[in-house]
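# A structural walkthrough
Residue strings, one per chain:
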Amino acid sequence: MPAADDAAADLIAAHVQGRLPPPLDALIAAHLEMAPAARDFGDALEALAGRALDEAPGVALADRDAALERIFGLAPVVTPPRPPAQRSPDALPRALARFTEGTPEDWRFVWFGIRRRPLGRSGDFTAELLRIAGGGRIPQHTHTGLEATLVLSGGFSDGDRSFGPGDLTVTGPEDHHAPVADPEGCLCFTVVEGAGVRLSSRLGRAVADLVTAVTGGR
Amino acid sequence: MPQDSPVPLADRHAALAARVAASADRQAFAELFDHFAPRLKAHLMRNGCDAATAEELAQEVLAVLWTKAGLFDPAKSSLATWLHRIARNRRIDAVRHAKVRDFDDEEPMLQPQAPESAEVGLDRRRLEVRVGAALDGLPEEQRRLVRLAFFDELSHSEIAGVTGLPLGTVKSRLRLAFGRLRQALEALGGAV
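Residues numbered from 1 in each chain as written. Chains lettered and ligands numbered in written order. Predicted model: local features only at pLDDT ≥ 70, side-chain atom pairs only at ≥ 80, totals over all residues. Heavy atoms only, no water.

Secondary structure summary: chain B contains 8 helices and 0 strands in total. Taking contacts inside chain B between residues at least 6 apart in sequence as the whole, the part at least 24 apart equals 57%. A total of about 8500 Å² of accessible surface is found on chain B, and carbon and sulfur atoms cover 52% of it. (Helix = DSSP H or I, 4+ residues; strand = E, 2+ residues; numbered from the N terminus. Contact = heavy atoms within 4.5 Å. Areas by Shrake-Rupley, 256 points an atom, 1.4 Å probe, with all protein chains shown as cover.)

See below:
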């Protein structure tokens, strides 16, 4: 089993247990929506967690009867099963649509052919959408912590691996990588831990700093 | 395993939930409440909620069952799995927004899933049984770690503390166990 799958499996397990910070939780939930094999694995772990809930001992409520009375005071809601809402192929996965709700559609220059839409920080994690033009190349870079990337549409390749919609890559601080977008371009959701992405070449860093200085990051 | 096969329990819960959905049957609901509310409270406390918050969230989760029992689909999961998911999302929303928002009708597990294509859709009930069998079939050491992670809900470093194993060993053995679970799913017909 490739190490990359292990890292993804760890994240799926942490998601099921509700231990992920919100940006990573949204990323994994979106991955599970998009990738059936991952969803089967996630559902298996959910089943395990459900069984654990059934078997574990409980802690008595402070006032069981009052709690029950309060709930009986609520009117049951009759909700006939609805057919799934029609979703356009470009629509974000539901988990991401919820996560991006209320953030501005603000695309900023990163590098030639690459734009990013910041989605904010949460604790140690920075989330953003990345749009890479066809054939666009992200300069070789490293990060100080974990980087998780979910392909939403299009695709990219990195070394000898290629990634399409629903695919997840998880890389650590030691990995240098330089993804290249497929001809149709690529839209990704990325979550980066720590100080964020650091370009590997001094020239790359100098150009990126200059562009940021001139454009104010836009 | 200290319990009988989980399936009869799941069937019992599904039958009670169906009575709640069909006729707001208070007796059926009270039986489910007495089973799940204390367990949800304990689960939430293991995950960092204080007793009062855990009790409040547990009641909210059970209130969802009372008001929306018709949305529970026993073909997709056991009631325990369904309630666990609702509890998790509630807890995460509580952390993220500092308050629990109104019930979200779009919450995926409360909606019928998009029809799954024939070649990928696993029968969810068979999956639950299979997962249980796969867990029982793990080597003793891996099963113990999975139980500590999922049943006692300890973090990896807490497990290392309890077992005296190095953190790296805890992680790698859990990964082996996950690999076995994925193999069991493959054998079930899913492309995992």
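Let us now look at the nonpolar core. If you look at the biggest cluster of nonpolar residues, it comprises 63 residues, and the most contacted ones within it are Leu45, Leu48 and Phe189 of chain A together with Phe150 of chain B. Setting aside anything within four residues of it in sequence, one finds Leu45 of chain A in contact with Ile12, Ala13 and Val16 of chain A together with Phe150, Phe178 and Leu181 of chain B. (Core = buried A, V, L, I, M, F, W, Y, C linked by side-chain atoms within 4.5 Å. Buried < 20%, exposed > 50% of the residue type's maximum accessible area, 1.4 Å probe, protein only.)

Quick look at the UniProt feature "domain: RNA polymerase sigma factor 70 region 4 type" (unreviewed entry) in chain B now. When the UniProt feature table is mapped to this numbering, "domain: RNA polymerase sigma factor 70 region 4 type" (unreviewed entry) covers residues 130-179 of chain B. In residues 130-179 of chain B, helix accounts for 80% and strand for 0%; the two terminal C-alpha atoms are 14 Å from one another. (UniProt positions renumbered as here; feature names shortened; annotations may be inferred.)

Below, the discussion takes up the pattern of salt bridges. This structure, assessed with the given rule, holds 21 salt bridges over all chains. Note that Asp10 of chain A and Arg175 of chain B form a salt bridge whose closest N and O atoms lie 2.5 Å from each other. Here Asp10 of chain A is found in helix α1 (residues 3-16), whereas its partner Arg175 of chain B is found in helix α8 (residues 167-188) on a different chain. Under the relative-accessibility criterion, Arg175 of chain B is labelled partly exposed at 26%. In this structure, Asp25 of chain B and Arg19 of chain B form a salt bridge, with 3.0 Å as the shortest nitrogen-oxygen distance. (Salt bridge = Lys/Arg side-chain N within 4 Å of Asp/Glu carboxyl O.)

Our focus in this paragraph is the pairing of strand β1 (residues 108-111) of chain A. Residues and elements named next belong to chain A. In this sheet, strand β2 (residues 114-122) lies alongside β1 in antiparallel orientation, the contact comprising 3 bridges. Following the sheet pairing, Phe109 is matched in β2 by Arg115. Linkage of β1 to β2, two consecutive antiparallel strands, is achieved through a turn of 2 residues, within which Gly113 is found at a positive phi near 80 degrees. (Pairing = 2+ DSSP bridges.)

Considering all chains together, one arrives at 11 aromatic pairs over all chains under this definition. Both rings, one in Phe41 of chain A and one in Phe178 of chain B, keep their centres 5.9 Å apart while their planes meet at 75 degrees; by these two values the pair is edge-to-face. You can see Phe41 of chain A sitting in helix α3 (residues 36-55) and its partner Phe178 of chain B sitting in helix α8, one on each of two chains. On the basis of an interplanar angle of 65 degrees and a centroid distance of 5.6 Å, the ring pair of Phe72 of chain B and Trp82 of chain B is categorised as edge-to-face. On the criterion of sequence distance, the pair formed by Phe72 of chain B in the loop between α3 (51-68) and α4 (79-97) and Trp82 of chain B in helix α4 is long-range, its members being 10 residues apart. An aromatic cluster is present here, built from Phe72 of chain A together with Phe29, Phe33 and Trp66 of chain B joined pairwise through their rings. Across from the ring centre of Phe151 of chain B, 4.0 Å away, lies the NZ or CZ of Arg147 of chain B, which sits over that ring. The aromatic ring of Phe41 of chain A is capped on one face by Arg182 of chain B, whose charged end is 5.3 Å from the ring centroid. (Phe/Tyr/Trp six-rings, centres within 6.5 Å; stacked < 30°, edge-to-face > 60°. Lys NZ or Arg CZ within 6 Å of the ring centre and 35° of its normal.)

This brings us to the confidence of the model for chain A. Atom-level detail of predicted coordinates should not be read off regions where pLDDT is low. Here chain A averages 83 in pLDDT, while 82% of its residues score no lower than 70. Within chain A, the lowest mean pLDDT, 61, falls on helix α6 (residues 202-215) of chain A, and the highest, 95, falls on helix α4 (residues 64-72) of chain A. (pLDDT = per-residue confidence, 0-100.)

Right, let's talk about the pairing of strand β7 (residues 168-171) of chain A for a bit. Put simply, side chains in a regular strand alternate between the two faces of the sheet. Residue and element names in this part refer to chain A. In β7, alternate side chains face the same way, and those of Leu168 and Val170 on one face and Thr169 and Thr171 on the other are all buried. In this sheet, β7 lies alongside strand β5 (residues 147-158) in antiparallel orientation, the contact comprising 4 bridges. From the neighbouring strand, Glu147 faces β7, where its bridge partner is Thr171.

At a minimum axis separation of 9 Å, α3 of chain A and helix α6 (residues 140-151) of chain B run at an interaxial angle of 75 degrees. Put simply, α3 of chain A runs roughly perpendicular to α6 of chain B. Counting all contacts with α3 of chain A, which are made through Leu45, Leu48, Ala49, Arg51, Ala52 and Glu55 of chain A, the residues of α6 of chain B involved are Val146, Arg147, Phe150 and Phe151 of chain B. For the contact of α3 of chain A with α6 of chain B, the per-class residue count stands at 7 nonpolar, no polar and 3 charged. (Axes fitted to C-alpha atoms, helices over the stretch in contact; angles between N-to-C directions. Parallel < 35°, antiparallel > 145°, perpendicular 65-115°, else oblique. Nonpolar A, V, L, I, M, F, W, Y, C, P; charged D, E, K, R; others polar.)

Our next topic: helix α2 (residues 22-34) of chain A. Over its 13 residues, α2 of chain A extends 18 Å from the first C-alpha to the last, a length consistent with the 18 Å expected when each residue adds 1.5 Å. All of the buried residues in α2 of chain A are Pro22, Pro23, Leu24, Asp25, Ala26, Leu27, Ile28, Ala29, Ala30, His31 and Leu32 of chain A. (Expected span 1.5 Å × (residues − 1).)

Moving on, we get to α4 of chain A. What α4 of chain A keeps buried is the set Ala67, Leu68, Ile71 and Phe72 of chain A. Projected onto a plane normal to the axis of α4 of chain A, the buried residues spread over an arc of 135 degrees and lie on a single side. Looking at the buried residues of α4 of chain A, the elements they touch are α2 (26-46) and α3 of chain B. (Arc of directions from axis to C-beta.)

So, on to the packing of α2 of chain B against α3 of chain B. Residues and elements named next belong to chain B. Taken N-terminus to C-terminus, the directions of α2 and α3 make an angle of 145 degrees; their axes are 8 Å apart at the nearest point. As α2 packs across α3, the resulting crossing turns out to be right-handed. On α3, the residues touching Arg26, Phe29, Leu32, Phe33, Phe36, Ala37, Leu40, Lys41, Leu44 and Met45 of α2 are Ala51, Ala54, Glu55, Leu57, Ala58, Val61, Leu62, Leu65 and Trp66. Partitioned by chemical class, the residues of the contact of α2 with α3 number 16 nonpolar, no polar and 3 charged. (Left-handed = near helix turned anticlockwise from the far one by under 90°.)

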